[in-house]
Every structure is written in structure tokens, then in C-alpha cells.
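For reference, the chains in residue letters:
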Amino acid sequence: MRRVRYEHSGGPEALFLEEAPVPEPGQGELLVHAEAIGVTLPVVRKVREAREPIPLGGEVAGEVVAVGPGVTEYGVGDRVTGLVFGHGYAEFAVLRAAMASPVPEGASAVTAVALVRSGLVAYGALRAARPEPGERALVTAAASGVGHLALQLARIQGASWITAAVSDADKGDFLRGLGADAVVTYDAESWGEPADYALDAVGGPLLKPAIGALGPFGRLVAYSSGGGTVEAYDLLVGAKSVTGFQMALIARDRPDLYESWRQELWDLHLTGRLTPAVHAEFPLTEAARAHTLIESRGNLGKVVLVP
């Protein structure tokens, strides 16, 4: 089979295609013939920053072609999506059955990759913000694979006003079309009227202005891999709070919650209330182009590899 990996840290140019044996599923695992692979900013960052090469994992959707010992929930021929921790940029990937979710009849693999994992992160981050109907929301990285779903979910949960924060004002039409009331760029002097809660996917130097954009008692949920430091004084003066969110902990420790959120996402999508946007589909051979697009922050929605 073909797969993409890298041997030293660097930019998209560090990626290369190679031939590798088709893996075998182990205890509690599925072997999936990949039909779509999600490209995410955390994986792109790992290629640049990891001290040692690691497998390019991530979101995969496709057909189960073999099951490992102990698997009873799925069988050969089932279509699933889930998060792969080993080699995910490949024609075949090993997926833990516990991390798999069924793809409904009629839904495409590309839609599944664009909706499920990114949607779960967006939905979980929103839940962590404890939104109340009528509150004002702020979403950073609002045009990203997660952010554009978080924006829509905030509206579904009753936000009265949504400010979308992005790197480029050219993304405004896309975001207003999804329900944003205002679009601001990160370098703007003001991010508009104070928000009751913020969903932050950027971190780093943007933490400070994101917290500053909150009103009194505002809540920020940080789910970025970008890190960053929060000044306690910035929280004290407005009685603000910051909560961290990581989807992997929910998947591992609260599988019941993970499954209920997944079902809710598919229901919202199949009833037309939540629309995942796919910016581009690249063949596996052009993984470097996909990483370049993500690094440029030029994508409007999800970027997907199609083996």
C-alpha cells in the first residue's frame, strides 16, 4: 500500500510517499480501507515541531476490510470513521474499534471525515462553555475545519450574536453565509462587543486578545494545540474563566458521551441544520499541498486527502 510519512521535522516538503506492507489489526482493532483522510493543524504542527518523526495519524473514514480479535461491534463491509493514532495517511489504516463510529447509509466518507471528529471537538468545546440562549459568542479560527462547525453549533444552541475571528478578512463572506454576525481579523484594535463565551482554537499570542474580548463573567474554552499563557490578572478583573478541552479524554473516559454527541451531530446534519464545508480534496500523493494550504490558513472548512 501507499502511505505518507516523514523522517525529519520540517515543512510540507518533508513529507514523502512510500510503499509499505498492509498492516494487520490487533486486539480490539479494525483494518479500514481509507476513502477519506482529514488533514488537521495539530498534525501539520507535529511535522514542523516534533523532535522525532511520528506516524501521521488523524481522522479516517472508509470500509472495514478485517477485524482483530475481540471485535464484536463491527464486521467486514461496515463503513466507519474515527481517529487513527498510528499511520493514518495511508490507503489502509488500523483503527481502534472503541474510537470508531458508523457512517450512516448514504453519507460519503468525505462528509464523515469533515463532520464527525471536527464536529465532536466543536460540540465538546461548546458544551464546556456552558452556553445559555441569548448569549454572545466569539469563535476564533472560525473558518477552520472545527471552527466553521463551532460557529454553526453556537447558533443552534441559541447564540444571539456570533463574532468570527480569522486571519484574513477575505473569509468574511464564507463565515457570514454560515451565520456569523460579525467578522474580525486577529490584528483588529477591537473585536467588537464583549462576548459571553469564546471558543479558542488558536492559543499562543491570541489568548490575551481573546480573553480581552470577553465581558464580565465571560468564559473561554481553549482547545488549541498552540499553547499559550494566561495572566491571572486578566481573569481577576472581569471574573473571567478559562477551561481546557481535549476530545481524546472524552473518547477514552466517557464513551457514552462520545457516542451521544456523535449521534447528535449526524442528526443535525441529516436534518439540514449543520453543514460541514470541504475546502479541497487532494490525492494522497499531494499531501504536501494539503499541509501547505493548512499552514497558509487559507482554507474555508475541511481539507481532505482521498487515497
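Look up a bit, the structure's there.
A.B. asks: Help me understand the pattern of salt bridges, please; the structure alone is not making it clear to me.
C.D. replies: When charged atoms on two side chains of opposite charge get close, those side chains can pair. Scanning all chains against the criterion turns up 14 salt bridges. Across the pair R2 and E91 runs a salt bridge, and its minimum N-O distance is 3.2 Å. A residue pair is termed long-range when its members are at least 10 positions apart, and R2 in strand β1 (residues 2–5) and E91 in the loop between β5 (79–84) and β6 (92–96) qualify at 89 residues. Linking D267 and R273 is a salt bridge whose minimum nitrogen-to-oxygen distance equals 2.9 Å.

A.B. asks: Looking at this structure, I do not really get the sheet that holds strand β11 (residues 195–200). What am I missing?
C.D. replies: Hydrogen bonds between backbone atoms are what pair the strands of a sheet, whose relative direction is either parallel or antiparallel. Sheet architecture is open: six strands sit in the order β10-β9-β8-β11-β12-β13, paired in parallel fashion. Among the strands making up the open sheet, the edge pair consists of β10 (182–185) and β13 (241–244). Taken pair by pair, the neighbouring strands of this sheet meet at an average axis angle of 20°, ignoring direction. Inspection of the sheet shows strand β12 (residues 214–222) paired to β13 by four bridges, in the parallel sense. What sits directly across from A222, in β13, is G244. Running over the sheet, helix α2 (residues 109–128) touches β11, β12 and β13 and is turned about 145° from β11. Most of the contacts of helix α3 (residues 147–156) go to strand β9 (residues 161–166), to which it runs at about 170°, and overall it touches β8 (136–140), β9 and β11.

A.B. asks: What should I look at first to understand the side chain of N299 in this one?
C.D. replies: Within the secondary structure, N299 is located in the loop between α9 (287–296) and β15 (302–306). Residue class for N299 comes out buried when judged on its relative accessible area of 8%. Separated by 2.8 Å, the side chain of N299 and the backbone oxygen of G301 make a polar contact. Every residue in contact with N299, bar those within four places of it in the chain, is listed here: A143, S144, G145, K171, H279, L293 and I294.

A.B. asks: Explain empty space enclosed by the protein to me, please; I cannot follow it from the model alone.
C.D. replies: If you roll a probe as big as a water molecule over the atoms, it shows you where there is empty space left. Tallied over the entire structure, the rule returns one cavity of 30 Å³ or more. A volume near 50 Å³ is recorded for the largest cavity. Along its surface, the largest cavity is lined by E59, T81, G82, L83, M99, S101, A112, V113, V116, R117 and Y258. When contributions to the lining of the largest cavity are tallied by element, the ones reaching two or more residues are β5 and α2. Here the lining of the largest cavity gets four residues from one element, more than from any other, and that element is α2. Its residues assigned to classes, the lining of the largest cavity comprises six nonpolar, three polar and two charged.

A.B. asks: Teacher, can you tell me more about unusual backbone geometry here?
C.D. replies: A negative phi angle is the norm for most residues apart from glycine, just as the trans form is the norm for most peptide bonds. Look at F217: it is not a glycine, yet its phi comes out positive at around 65°. Residue position: F217 is located in strand β12.

A.B. asks: Quick question: what am I supposed to make of the packing of α2 against helix α8 (residues 255–270) here?
C.D. replies: For any two helices packed against each other, the geometry comes down to the angle between their axes and how far apart the axes lie. Remark: α2 packs on α8, axes separated minimally by 9 Å, with the N-to-C direction vectors making an angle of 115°. Relative to α8, the crossing made by α2 is right-handed. On α8, the residues touching T111, A112, L115, V116, R117, G119, L120, Y123, G124 and R127 of α2 are Y258, W261, R262, E264, L265, W266 and H269. Here the residues of the contact of α2 with α8 are counted per class, giving nine nonpolar, four polar and four charged.

A.B. asks: What's the story with the nonpolar core in this structure? I'm lost.
C.D. replies: One recurring pattern in soluble globular proteins is that nonpolar side chains are buried together. In terms of nonpolar packing, the biggest core is built from 104 residues, with L30, Y89, L175, W191, L199 and L305 touching the most fellow members. Top element by residues in this core is α2. It accounts for twelve residues. If we ignore the near neighbours within four places in the chain, the residues touching L305 are E35, A36, I37, V39, Y89, F282, P283, L284, A287 and A290. Among the nonpolar cores identified, the runner-up in size contains five residues, and M1, A20, L31 and F92 belong to it.

Cut-off values and rules
Residues numbered from 1 in each chain as written. Predicted model: local features only at pLDDT ≥ 70, side-chain atom pairs only at ≥ 80, totals over all residues. Heavy atoms only, no water. Salt bridge = Lys/Arg side-chain N within 4 Å of Asp/Glu carboxyl O. Helix = DSSP H or I, 4+ residues; strand = E, 2+ residues; numbered from the N terminus. Pairing = 2+ DSSP bridges. Axes fitted to C-alpha atoms, helices over the stretch in contact; angles between N-to-C directions. Contact = heavy atoms within 4.5 Å. Buried < 20%, exposed > 50% of the residue type's maximum accessible area, 1.4 Å probe, protein only. Polar contact = N/O pair within 3.5 Å; in protein donor to acceptor, adjacent residues only side chain to side chain. 1 Å grid on protein atoms, 1.4 Å probe; cavity = no way out; pocket = protein on both sides within 12 Å on 5 of 7 lines; lining within 4 Å. Points joined across faces, edges and corners; volume = space filled by probe spheres on them. Nonpolar A, V, L, I, M, F, W, Y, C, P; charged D, E, K, R; others polar. Left-handed = near helix turned anticlockwise from the far one by under 90°. Core = buried A, V, L, I, M, F, W, Y, C linked by side-chain atoms within 4.5 Å.

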